[in-house]
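Structure assessment
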Amino acid sequence: MAMNPRDPLGVAVVGTGKMGADHVRRIQDVVNGARVSAVVDVDAERAKRIASGVDGCTAYTDPAAAMAAADVDAVLIASPGPAHEAALLTAFEHDLPVLCEKPLTPDAASALRVMEAEVRLGHRRVQVGFMRRYDAEYMKLKSLLGTGQLGRPLMLHNRHRNAASPPFFTSSMLISDSVAHETDVTRWLLGHEITAVQVLRPRPSASAPDDLQDPQFVVFETDGGAIVDVEMFVNCGFGYQVQAEVVCERGTARIGDGHAMVTNMAGRWGGTIAQDFVERFADAYDREIQTWVDATRRGEVTGPSVWDGYAAAAVCEAGVRALEDGVRVEVELVERPELYL
Ligand code: ISE
């Protein structure tokens with residue numbers, strides 16, 4: 001794959017909502033070796049407003065027009081999930097490197113179409129935005145598991161709590177939009193594929209909107225014989241909290257207690273809790289995008305692949321069925337293409 005020698009790399013950011021706007025800021029103010037040369041949004045006024053704050057940046061409403069521009073070397077897709085497939089296929093037409101925010105696409109069938117298109121291209125072009133792989137605590141946990149000191153992983157306990165869910169949030173989105181992270185964390189930390197999903201439904205919290213099944217308790221089985229659970233609670237009220245504890249044959253390890261700073265005052269001690277994922281995972285996003293820019297400028301593609309995005313989509317699809325039908329659902333994956341071995 002050709003080197004991208006241009007310095008700085010011209011990046012088109014597709015989608016300028018909360019995540020896309022934060023990535024524009026990140027590329028301009030934090031990341032080295034890249035600049036935002038284009039922003040794309042169906043909301044033309046919002047695209048113009050974002051572009052007006054970035055020197056040399058052009059606003060578009062059509063991703064294809066942005067990807068055809070001479071000053072665009074790479075694409076960061078941060079639009080809503082249903083728009084990802086078309087944007088990815090257009091990027092492939094221009095043979096552009098892509099960082100695609102999760103989910104790769106909303107379901108297994110569309111993810112499979114993207115995977116088949118990248119296989120036809122003959123080389124990887126996509127890094128999927130599972131940013132927890134770039135979080136310092138998750139990286140330490142992965143590194144510890146890699147030493148084998150704790151022995152074989154037997155169970156992984158996850159707690160994923162949001163302060164409050166947005167108005168459009170549905171019960172199935174707790175799986176497809178939120179637990180999607182734990183599907184990738186499970187596969188990446190343990191090196192296993194997820195083979196079955198169950199979803200248990202506690203009596204909903206009074207703090208949850210009337211029609212929202214919140215919290216949910218998700219149980220994964222893996223092909224390595226591990227059992228993984230995820231407490232998913234999107235209206236916990238007290239903050240944004242993500243914790244994980246792996247239980248192995250000879251020991252355990254836990255992350256996410258967030259004791260960055262403990263205060264003692266007036267007979268009390270305590271600390272603070274982030275209020276959303278942009279705050280809690282700011283460093284992870286910074287490291288993720290810098291790693292992507294550096295790899296792209298070397299002409300390489302690293303990190304979560306389209307296969308990882310497809311596997312997460314298939315697990316989430318099974319999880320939504322398990323939620324809705326109240327049964328254990330097995331996960332069906334196609335054979336892993338050689339491009340992703
Ligand atoms: C959101 O899309 C994210 O990716 C956050 O990490 C997650 O905590 C939240 O529940 C999702 O809605």
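Everything in this summary refers to the structure shown in the same document. (Residues numbered from 1 in each chain as written. Predicted model: local features only at pLDDT ≥ 70, side-chain atom pairs only at ≥ 80, totals over all residues. Heavy atoms only, no water.)

1. Comments concerning the side chain of Gln213
Within the secondary structure, Gln213 sits in the loop between β8 (194–200) and β9 (216–222). On the basis of relative accessibility, which here comes to 8%, the residue Gln213 falls in the buried class. Here Pro215 takes part through its backbone oxygen, which lies 2.9 Å from a polar atom of the side chain of Gln213. Sequence-distant contacts of Gln213, that is, excluding residues within four places in its chain, are made with Ser171, Leu174, Arg201, Pro202, Pro204 and Leu323. (Helix = DSSP H or I, 4+ residues; strand = E, 2+ residues; numbered from the N terminus. Buried < 20%, exposed > 50% of the residue type's maximum accessible area, 1.4 Å probe, protein only. Polar contact = N/O pair within 3.5 Å; in protein donor to acceptor, adjacent residues only side chain to side chain. Contact = heavy atoms within 4.5 Å.)

2. Structural notes on the nonpolar core
Judged by nonpolar contacts, the single largest core of 81 residues is most densely connected at Leu104, Val126, Tyr138, Leu189, Val197 and Phe220. Ranked by residues supplied to this core, first place goes to helix α10 (residues 306–325) with 13 residues. The residues that make up this core include at least three from each of domain 1 (9–132 + 283–305) and domain 2 (136–280 + 313–340). Among all residues touching Val126, those that are not within four sequence positions of it are Leu88, Phe92, Val98, Cys100, Leu104, Glu118, Val301, Pro304, Ser305 and Val306. With 21 residues, the next largest nonpolar core counts Leu9, Ala34, Cys57 and Leu76 among its residues. (Core = buried A, V, L, I, M, F, W, Y, C linked by side-chain atoms within 4.5 Å. Domains from an automatic or database assignment.)

3. A closer look at the sheet that holds strand β5 (residues 98–101)
Read from one edge to the other, the open sheet built from six strands follows the order β3-β2-β1-β4-β5-β6, with strand pairing classed as parallel. Bordering the open sheet on either side are β3 (58–60) and β6 (126–129), each of which pairs with just one other strand. Between one strand and the next, the sheet's axes are offset by a mean angle of 25°, whatever the strand orientation. Judged from the four bridges that link them, strand β1 (residues 9–14) and strand β4 (residues 74–77) form a sheet pairing that is parallel. The residue bridging Ala12 from the neighbouring strand is Val75, located in β4. Its contacts with the sheet place helix α2 (residues 44–52) against β2 (34–40) and β3, and it is angled at close to 165° to β3. (Pairing = 2+ DSSP bridges. Axes fitted to C-alpha atoms, helices over the stretch in contact; angles between N-to-C directions.)

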